[in-house]
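Fold and contact review
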Amino acid sequence: AEVLAMAAPKSAIKNVLQKCADAGFTPALISAEGTAFANCLERWYEPPPTLPSISPQLEEVGPPPADLQMILHLGHTKSFLTVYENRVLIAIRTLAWGGRQIVEAVAQKYTLPFAEAQKEVEAKAFILTSKQQEIKNFDVRVFSDTISKVVKELAREIQLHLLEMRSEFNARSLQLDLTGGVSNLQGLCPFLTQHLEVPVNRLELLDLFPNVYFDKTEQAHAKLGVAVGLAIEGIKKPRNPPSNFLKGEFAPQNNFWKTFSNRWGYATQIVAAAYI
């Protein structure tokens, strides 16, 4: 069997449950972003596939060459990288990098409040290519360089994960697709392609679903991946069960008798005593 294991600190689960209680609802499940996002690509509606046994010779030699697809979801405070082989999730990596770092760099460079810098980044952030830098004026190049310096930190971290995937899974070819709000940054894909030396493209996520009854805008493609994945996680069948951290001490409990006892316990004791 091939197993993909997950773990979460109890304090994190308690924190999520407390936030849900403050908002006035009880969650049906608590899952991880990476595995939930994978529902957008995996065949979650089918039972797990039966894999052929591996001969001892192959185990000694190592895994056969694999064609891997990697999807990088770029969030506001953090990002995560999911790795697939034949549309099956095989690895997840979390990156301590997000769009917030771009906003902070712009705010520091131009002495702007964070909210104003965020509006500027969302409205007109870009990275110039080498040819464009020769044409654009000085102020435009400075703005581009401010953002590119931050994105280079992301590129270095991705390079480490690419090396890891090549060695661990004997990757024959690698493909990197981008989602998340930051993926709409103009010039980001060519910039990462140049630094990573692998093809990098934006993923039109909603095109993977045949029945979508709302506008497939760039923002929808970029931002709805985790939400759609979590929604699918909530309707998965027991033959291919969802990843749910509401287990053990966090498992949902029937509070009927506890509520009944709190409300009518004293009256029940009085009636029982009077009857006896």
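Look up a bit, the structure's there.
My aim in this report is to walk through the structure given alongside it, one point at a time. (Residues numbered from 1 in each chain as written. Predicted model: local features only at pLDDT ≥ 70, side-chain atom pairs only at ≥ 80, totals over all residues. Heavy atoms only, no water.)

**Observations concerning the pattern of salt bridges**
- Inspection of every chain in the model, using the stated rule, returns 10 salt bridges.
- One salt bridge connects R100 with E104, and the closest N-O pair in it is separated by 3.1 Å. Within this pair, R100 and its partner E104 are both found in helix α4 (residues 99-110), separated by four residues, close to a single helical turn.
- For R100, a relative accessible area of 35% corresponds to the partly exposed category.
- Owing to a relative accessible area of 38%, E104 belongs among the partly exposed residues under this scheme.
- Counted as one network, the salt bridges with shared partners bring together R93, E164 and E168. (Salt bridge = Lys/Arg side-chain N within 4 Å of Asp/Glu carboxyl O. Helix = DSSP H or I, 4+ residues; strand = E, 2+ residues; numbered from the N terminus. Buried < 20%, exposed > 50% of the residue type's maximum accessible area, 1.4 Å probe, protein only.)

**Comments concerning unusual backbone geometry**
- In the Ramachandran plot, N86 falls in the positive-phi region, its phi being about 55° despite a non-glycine side chain.
- With respect to the secondary-structure elements, N86 resides in the loop between β2 (79-85) and β3 (88-95).
- For R87, which is not glycine, the phi torsion reads 65° and is therefore positive.
- On the secondary structure map, R87 appears in the loop between β2 and β3.

**Some remarks on the state of the cysteines**
- Using the criterion set out here, one finds zero disulfides in the structure.
- The cysteine C40 is free of any disulfide, with C189 supplying the nearest cysteine sulfur at 18 Å.
- The class of C40 is buried, set by a relative accessible area of 4%. (Disulfide = S-S within 2.5 Å.)

**Digging into helix α1 (residues 10-23)**
- Compared with the 20 Å implied by 1.5 Å per residue over 14 residues, the 20 Å span of α1 between its first and last C-alpha is a close match.
- Where α1 ends, the next residue or the one after it, G24, has phi of about 90°, a positive value. (Expected span 1.5 Å × (residues − 1).)

Keep in mind these values describe shape, not function.
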